[in-house]
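# Structural overview
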Amino acid sequence: MSEVKDKLDTAVAFIREKTNFVPKIAMVLGSGLGDFAEKIEIELEIPYAAIPGFPVSTVSGHSGRFIFGNVNGVPVICMKGRVHYYEGYDITDVVLPIRVMGRLGAKFLILTNAAGGIQDGMEPGDLMMITDHISSFVPSPLKGENLEYGERFPDMSHVYDEELQRIITKSADETLYENAALALENDDNGSNIFSPLKKGVYCQLPGPNYETPAEIRMIKQLGADAVGMSTAIEAIAAHHLKMRVCGISCITNKAAGLQDKPLSHEEVKATSLKTEKHFTTLMMRIIEKISAL
Ligand code: HPA
């Protein structure tokens, strides 16, 4: 048996001993969605560290666990925190939690992350719906023996589901005014709450170092609108399992060379904290609409 399949089966069996919960929607709560966990009527939490064979995140602000629960009556499974390729795990281990959520029954996957903005006009605090990605700078998470649930050579023309993209666009339009009111009430002008949803191509680079300005110029030429160190490989693994995938980046900073101060993890965390409220409002609306599918 392949090691990947073995780990997957072991993790799913371990979780199934604890719960029969069948999620409809799986979510990865990246930086900027810490608040969202409070919206979940939690049934069960399982730390990644408790699951045999699971990779465990070492990054501050990424404490890792699965949360099983309901959001306005919709059964969801959330990854609070994720592991990154730069932590040293094999790429197949990095996507193991995604595959587990698929095997537990989730048909939809909402990915979120923090990203550097490249597209002209993008500002820290903006949200960007991912329309496509560039993953060519990291290995494929599908390497090795093919898992029987998906094809050996899966098509990647439509990784980000078009119906889900329409739902995100509509939800963002609807929440814009709600968010603006919220911002005024809280005297909050630090997050770009009035800024309409951006759309674009996310490029995953290996990290953990941020990019050089030359690298940002390169990926901009290649068509990237935002850059980060996660997500594309998770989208590939989920699409391979025929989950319907969508993704939203919280633009925490302008990418290297596009702002005059050095990049820092502190800046990334600070901006994502500021967007938590309106990101959460948007996500609630998206879930409500997906639940009707
Ligand atoms: N580059 C890579 N990853 C990131 C960035 C960035 O500028 N911002 C947040 N995550």
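Residues numbered from 1 in each chain as written. Predicted model: local features only at pLDDT ≥ 70, side-chain atom pairs only at ≥ 80, totals over all residues. Heavy atoms only, no water.

### Topic: the environment of valine 95
- Topologically, valine 95 is positioned in the loop between helix 2 (91-94) and helix 3 (96-103).
- Sequence-wise, valine 95 and aspartate 132 are 37 residues apart; in three dimensions their C-alpha atoms are separated by 18 Å.
- If near-sequence neighbours (up to four positions away) are discounted, valine 95 is found in contact with Pro141, Ile233, Glu234 and Ala237. (Helix = DSSP H or I, 4+ residues; strand = E, 2+ residues; numbered from the N terminus. Contact = heavy atoms within 4.5 Å.)

### Some details on a nonpolar patch on the surface
- A cluster of nonpolar side chains, contributed by Phe137, Met218 and Leu222, occupies part of the molecular surface with about 270 Å² of accessible area.
- Of note, phenylalanine 137 is situated in the loop between strand 6 (127-134) and helix 4 (162-185). (Patch = residues over 30% accessible without salt bridge, like charges linked within 9 Å, V, L, I, M, F, W, Y side chains within 5 Å. Areas by Shrake-Rupley, 256 points an atom, 1.4 Å probe, with all protein chains shown as cover. Salt bridge = Lys/Arg side-chain N within 4 Å of Asp/Glu carboxyl O.)

### Re the layout of surface pockets
- Empty space within the largest pocket amounts to approximately 360 Å³.
- Every residue lining the largest pocket is counted, 24 residues in all, and those nearest its centre are Ala114, Tyr210, Met229, His265 and Val268.
- Sorting the residues of the lining of the largest pocket by element identifies strand 5 (108-117), strand 8 (226-228), strand 9 (244-254) and helix 7 (265-291) as the ones contributing at least two each.
- Element by element, the count of residues in the lining of the largest pocket is highest for strand 5, at four residues.
- Residue classes in the lining of the largest pocket are distributed as 11 nonpolar, 11 polar and two charged. (1 Å grid on protein atoms, 1.4 Å probe; cavity = no way out; pocket = protein on both sides within 12 Å on 5 of 7 lines; lining within 4 Å. Points joined across faces, edges and corners; volume = space filled by probe spheres on them. Nonpolar A, V, L, I, M, F, W, Y, C, P; charged D, E, K, R; others polar.)

### Overview of empty space enclosed by the protein
- Tallying each qualifying case throughout the model produces two cavities of 30 Å³ or more.
- Looking at the second largest cavity, its volume works out to about 50 Å³.

### What to know about the pattern of salt bridges
- As enumerated under the stated definition, the model contains 17 salt bridges in all.
- Two residues, arginine 82 and glutamate 234, come together in a salt bridge whose shortest N-O distance is 2.8 Å. Pair noted here: arginine 82 is in the loop between strand 4 (74-80) and helix 2 and glutamate 234 is in helix 6 (residues 232-240), with a separation of 152 residues, a long-range link.
- Using a relative accessible area of 2% as the deciding quantity, one classes arginine 82 as buried.
- One salt bridge connects lysine 254 with glutamate 123, and the closest N-O pair in it is separated by 3.5 Å. Here lysine 254, found in strand 9, pairs with glutamate 123, found in the loop between strand 5 and strand 6; they are 131 residues apart in sequence, far enough to count as distant.
- When salt bridges that share partners are traced, they join Lys5, Asp9, Arg103 and Glu148 into one network. (Buried < 20%, exposed > 50% of the residue type's maximum accessible area, 1.4 Å probe, protein only.)

### A word on the site of the ligand
- In the vicinity of the ligand, the contacting residues are Ala114, Ala115, Gly116, Tyr210, Glu211, Val227, Gly228, Met229, Thr252, Asn253, Leu263 and Val268.
- Contact distances for the ligand include 3.3 Å between a nitrogen atom and a backbone N or O atom of glycine 116.
- Asparagine 253 places a side-chain nitrogen or oxygen 2.7 Å from a nitrogen atom of the ligand.
- Computed on the free molecule, the ligand has an accessible area of 260 Å², of which 95% lies beneath the protein chains in the complex.
- Its atoms largely coinciding with the cavity grid, the ligand occupies the largest pocket.
- Those elements that provide at least two residues to the shell around the ligand are strand 5, strand 8 and strand 9.
- Ranked by residues supplied to the shell around the ligand, first place goes to strand 5 with three residues. (Near = heavy atom within 4 Å. Polar contact = N/O pair within 3.5 Å; in protein donor to acceptor, adjacent residues only side chain to side chain. Sits in = over half its atoms within 2 Å of the grid points.)

### Comments concerning the side chain of lysine 198
- Among the secondary structure elements, lysine 198 is positioned in strand 7 (residues 198-204).
- Under the relative-accessibility criterion, lysine 198 is labelled buried at 16%.
- In terms of polar contacts, lysine 198 uses its side chain to reach the side chain of aspartate 126, at 3.1 Å.
- Lysine 198 has contacts with Gln119, Gly121, Met122, Asp126, Leu127, Met128 and Met129, leaving out every residue within four places of it along the chain.

### Here's the deal with the packing of aromatic side chains
- Applying the stated rule across the entire model yields five aromatic pairs.
- Ring plane angle 80 degrees and centroid distance 5.8 Å describe the contact between phenylalanine 21 and phenylalanine 68, whose orientation is recorded as edge-to-face. Of the two residues, phenylalanine 21 is situated in the loop between helix 1 (3-18) and strand 1 (25-29) and phenylalanine 68 in strand 3 (residues 65-71); the sequence distance between them amounts to 47 residues. Like phenylalanine 21, the residue phenylalanine 68 is buried in the burial classification.
- Measuring from ring centre to ring centre gives 5.3 Å for tyrosine 48 and phenylalanine 66, while their planes differ by 80 degrees; the resulting arrangement is edge-to-face. Highlighted residues: tyrosine 48 in the loop between strand 2 (41-47) and strand 3 and phenylalanine 66 in strand 3, separated in sequence by 18 residues.
- Judged by relative accessible area, which is 2%, tyrosine 48 ranks as buried. (Phe/Tyr/Trp six-rings, centres within 6.5 Å; stacked < 30°, edge-to-face > 60°.)

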